[in-house]
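Now for the letters of each chain:
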Amino acid sequence: MIHCIRILFDIFQIYYYFLIAGILLSWLPFLYQYKIFRAIRKIGDWYMGPFSGVLVLGPIDFTPIVGFIVYTGILELLLYLLW
């Protein structure tokens, strides 16, 4: 059981870096002409999509903050289960 949780934690941790990369790429839209960057963004949007437009104040979208808080909570829960 502990091995399954460890594998799940590792997968979630790798996906966390895809989320960060997707957000950073949103600041550089000219990079979307390359397939690898479009793929990274698409992978990250799978999770961030439901949070889209939840917390928008003027031109600034605070959606990534909400998404990361929830995602970090999931990672912390998995880490707690490992101990």
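Quick caveat: nothing in here was measured; it's all calculated off a predicted structure. (Residues numbered from 1 in each chain as written. Predicted model: local features only at pLDDT ≥ 70, side-chain atom pairs only at ≥ 80, totals over all residues. Heavy atoms only, no water.)

Caption draft 1: Region of the structure containing the confidence of the model for the protein chain. Per-residue confidence for the protein chain gives a mean pLDDT of 86; residues scoring 70 or more make up 100%. Strand β2 (residues 60-61) is the least confidently modelled element of the protein chain, averaging 79 in pLDDT, while helix α2 (residues 35-48) averages 89, the highest of any element. (pLDDT = per-residue confidence, 0-100. Helix = DSSP H or I, 4+ residues; strand = E, 2+ residues; numbered from the N terminus.)

Caption draft 2: Structural context of the pattern of salt bridges. On inspection of all chains with the given rule, the structure shows two salt bridges. Salt-bridge contacts for Arg-6 lead to Asp-10; the nearest nitrogen and oxygen are separated by 3.7 Å. Taken together, the residues span about one helical turn, with Arg-6 and Asp-10 both in helix α1 (residues 2-26) at a distance of four residues. Arg-41 serves as the salt-bridge partner of Asp-45, at 3.3 Å between the closest nitrogen and oxygen. Placement of both Asp-45 and Arg-41 in helix α2 is noted, with a separation of four residues, approximately one turn of the helix. The exposure class of Arg-41 is partly exposed, given its relative accessible area of 28%. (Salt bridge = Lys/Arg side-chain N within 4 Å of Asp/Glu carboxyl O. Buried < 20%, exposed > 50% of the residue type's maximum accessible area, 1.4 Å probe, protein only.)

Caption draft 3: Representation of the nonpolar core within the structure. Judged by nonpolar contacts, the single largest core of 13 residues is most densely connected at Phe-9, Tyr-15, Leu-19, Tyr-47, Met-48, Phe-68 and Tyr-71. Elements represented by at least two residues in this core include exactly α1, α2 and α3 (63-82). What Tyr-15 contacts, discounting residues up to four positions off in sequence, is Ile-43, Gly-44, Trp-46, Tyr-47 and Tyr-71. (Core = buried A, V, L, I, M, F, W, Y, C linked by side-chain atoms within 4.5 Å. Contact = heavy atoms within 4.5 Å.)

Caption draft 4: Main features of the packing of α1 against α3. Axis separation between α1 and α3 bottoms out at 9 Å; the angle between their running directions is 160°. Between α1 and α3, the interaxial angle falls into the category roughly antiparallel. Like other packed secondary-structure pairs, α1 and α3 cross with a definite hand, here left-handed. Two secondary-structure elements touch here, α1 through Ile-2, Ile-5, Arg-6, Leu-8, Phe-9, Phe-12, Gln-13, Tyr-15, Tyr-16, Leu-19, Ile-20 and Ile-23 and α3 through Pro-64, Phe-68, Tyr-71, Thr-72, Ile-74, Leu-75, Leu-78, Leu-79, Leu-81 and Leu-82. Across the contact of α1 with α3, the residue classes tally to 19 nonpolar, two polar and one charged. (Axes fitted to C-alpha atoms, helices over the stretch in contact; angles between N-to-C directions. Parallel < 35°, antiparallel > 145°, perpendicular 65-115°, else oblique. Left-handed = near helix turned anticlockwise from the far one by under 90°. Nonpolar A, V, L, I, M, F, W, Y, C, P; charged D, E, K, R; others polar.)

Caption draft 5: Here's a closer look at the layout of surface pockets. Put simply, the largest pocket is a space of about 370 Å³. Around the largest pocket, the lining is made up of 16 residues, and of these Ile-23, Ser-26, Arg-41, Asp-61 and Pro-64 lie nearest the centre. Sorting the residues of the lining of the largest pocket by element identifies α1, α2 and α3 as the ones contributing at least two each. Classifying every residue of the lining of the largest pocket by side-chain character gives seven nonpolar, six polar and three charged. (1 Å grid on protein atoms, 1.4 Å probe; cavity = no way out; pocket = protein on both sides within 12 Å on 5 of 7 lines; lining within 4 Å. Points joined across faces, edges and corners; volume = space filled by probe spheres on them.)

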